[in-house]
Amino acid sequence: NAGVTQTPKFQVLKTGQSMTLQCAQDMNHEYMSWYRQDPGMGLRLIHYSVGAGITDQGEVPNGYNVSRSTTEDFPLRLLSAAPSQTSVYFCASSYKASPLHFGNGTRLTVT
Amino acid sequence: SQQGEEDPQALSIQEGENATMNCSYKTSINNLQWYRQNSGRGLVHLILIRSNEREKHSGRLRVTLDTSKKSSSLLITASRAADTASYFCAPRQGETSYDKVIFGPGTSLSVIP
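About the cut-offs
Residues numbered from 1 in each chain as written. Chains lettered and ligands numbered in written order. Predicted model: local features only at pLDDT ≥ 70, side-chain atom pairs only at ≥ 80, totals over all residues. Heavy atoms only, no water. 1 Å grid on protein atoms, 1.4 Å probe; cavity = no way out; pocket = protein on both sides within 12 Å on 5 of 7 lines; lining within 4 Å. Points joined across faces, edges and corners; volume = space filled by probe spheres on them. Helix = DSSP H or I, 4+ residues; strand = E, 2+ residues; numbered from the N terminus. Nonpolar A, V, L, I, M, F, W, Y, C, P; charged D, E, K, R; others polar. Pairing = 2+ DSSP bridges. Axes fitted to C-alpha atoms, helices over the stretch in contact; angles between N-to-C directions. Contact = heavy atoms within 4.5 Å. Buried area = accessible area lost by both parts, 1.4 Å probe. Polar contact = N/O pair within 3.5 Å; in protein donor to acceptor, adjacent residues only side chain to side chain. Buried < 20%, exposed > 50% of the residue type's maximum accessible area, 1.4 Å probe, protein only.

Novice: What should I look at first to understand the layout of surface pockets in this one?
Specialist: Left-over empty space is what a probe sized like a water molecule reveals as it rolls over the atoms. Residues and elements named next belong to chain A. Quantified by volume, the largest pocket comes out at close to 430 Å³. Taken together, 21 residues form the lining of the largest pocket, with Q37, D38, P39, G40 and M41 sitting closest to its centre. Take the lining of the largest pocket: its biggest share by element is three residues, from strand β9 (residues 87–94). Among the residues forming the lining of the largest pocket, the class breakdown is seven nonpolar, 13 polar and one charged. Volume-wise, the second largest pocket comes out at about 180 Å³. Considering the residues around the second largest pocket, the lining is formed by 13 residues, among which V4, T5, Q6, G103 and N104 are closest to the centre. Residue assignment for the lining of the second largest pocket shows that the elements contributing at least two residues are β1 (4–7) and β10 (101–102). Looking at the lining of the second largest pocket, the element that brings in the most residues is β1, giving three residues.

Below, the structure is given as structure tokens:
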């Protein structure tokens, strides 16, 4: 089992560029979520999904889009990157109220 | 969904001492989970305590849960430098349903060798 895999590990974007952060899990978890963590801060929930075709907003959804076409994948799209989106992004998944499994993160810098 | 609030936000102790951190929450829960985050890494689940349990142990970790006070505590005994990390709690409401998980600010633990 690979668990939760996030790609890329590092990314540098210019303001206004778009990109997709990938998240895949091989545990057949229905719940998947995206968080961002700024330096010295806790995690803030961006979007989450409770199954294929179902997504919902978290605490800080603006500037981000998600879709969930399969159980395994939950990509996060930045439509027009801004310096305020410089952060570390974590994807997590779980089965119902069982513990979350986290990926190793994507470190994004927007210049 | 609900958010746990960890306290204190920062804790500094000497190696070998015990570290205690607390979590408060607002509504009824099915279980409460504690996580550790080493610098720059994803969170790792440490221990889960169910609403019908009062205490649980795992190695040097001891977790208590008081549902009447809506609070939990995590005790790390005989701390080591490797315990230096941030610790987060996650109260979970549903057993058979899904609730979004929102984390609090965490407790940043520094263990000084």
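Continuing now.
Novice: Teacher, can you tell me more about the sheet that holds strand β8 (residues 71–76) of chain B here?
Specialist: Across a sheet, strands are paired by hydrogen bonds formed along the backbone, either parallel or antiparallel in direction. Residues and elements named next belong to chain B. Taken in spatial order, the five strands of this open sheet run β1-β3-β8-β7-β6, and their pairing is antiparallel. At either margin of the open sheet sits one strand with a lone partner, and together these are β1 (5–7) and β6 (55–58). For this sheet, the mean inter-axis angle between neighbouring strands, taken without regard to orientation, is 20°. Pairing geometry for β6 and strand β7 (residues 61–66), over four bridges, is antiparallel. Residue pairing for β7: H57 is matched across the bridge by R62.

Novice: Honestly, the interface of chain B and chain A in this entry has me stumped. Any pointers?
Specialist: Size of an interface, as often reported, equals the accessible area lost when the parts are brought together. If you look at the interface, chain B gives 24 residues, while chain A gives 23 residues. Approximately 1900 Å² of surface area, both sides summed, lies buried where chain B meets chain A, with 58% of it carried by carbon and sulfur atoms. Ranking the residues of chain B by area buried against chain A places Y98, K100 and F103 of chain B at the top, with a combined share of 34%. The interface formed by chain B and chain A includes nine residue pairs in polar contact (both at pLDDT 80 or more). Listing elements by their share of the side of chain B that touches chain A, those giving two or more residues are β4 (31–37), β5 (44–50) and β9 (85–92) of chain B. Of all the elements, β4 of chain B adds the most residues to the side of chain B that touches chain A, at four residues. Residues belonging to the side of chain B that touches chain A are distributed by class as follows: nine nonpolar, ten polar and five charged.

Novice: So what exactly am I meant to see when it comes to the pairing of strand β4 (residues 31–37) of chain A here?
Specialist: Remark: a regular strand shows side chains that alternate across the two faces of the sheet. Residues and elements named next belong to chain A. Burial analysis of β4 places seven of its seven residues in the buried class, the great majority of the element. Alternating positions in β4 separate into two faces, Y31, S33, Y35 and Q37 on one and M32, W34 and R36 on the other, with burial throughout. Bridge analysis of β4 against β9 gives seven bridges, and the strand direction is antiparallel. Within β9, the position partnered with S33 by the bridge is A92. Pairing analysis gives six bridges linking β4 to strand β5 (residues 43–51), with the strands arranged antiparallel. Looking at the pairing, Q37 lines up with L43 of β5. The antiparallel hairpin formed by β4 and β5 contains five residues in its connecting segment, where G40 sits at a positive phi of about 70°.

Novice: Please clarify how the pairing of strand β3 (residues 19–25) of chain A should be interpreted in this entry.
Specialist: Residue and element names in this part refer to chain A. Side chains of β3 alternate between two faces, with M19, L21, C23 and Q25 buried and T20, Q22 and A24 left unburied. With four bridges connecting them, β1 and β3 associate as antiparallel partners. By the bridge assignment for β3, Q6 is matched with C23. Bridging between β3 and strand β8 (residues 76–78) involves three bridges; their strand directions are antiparallel. Considered in β8, the bridge of T20 is made with R77.

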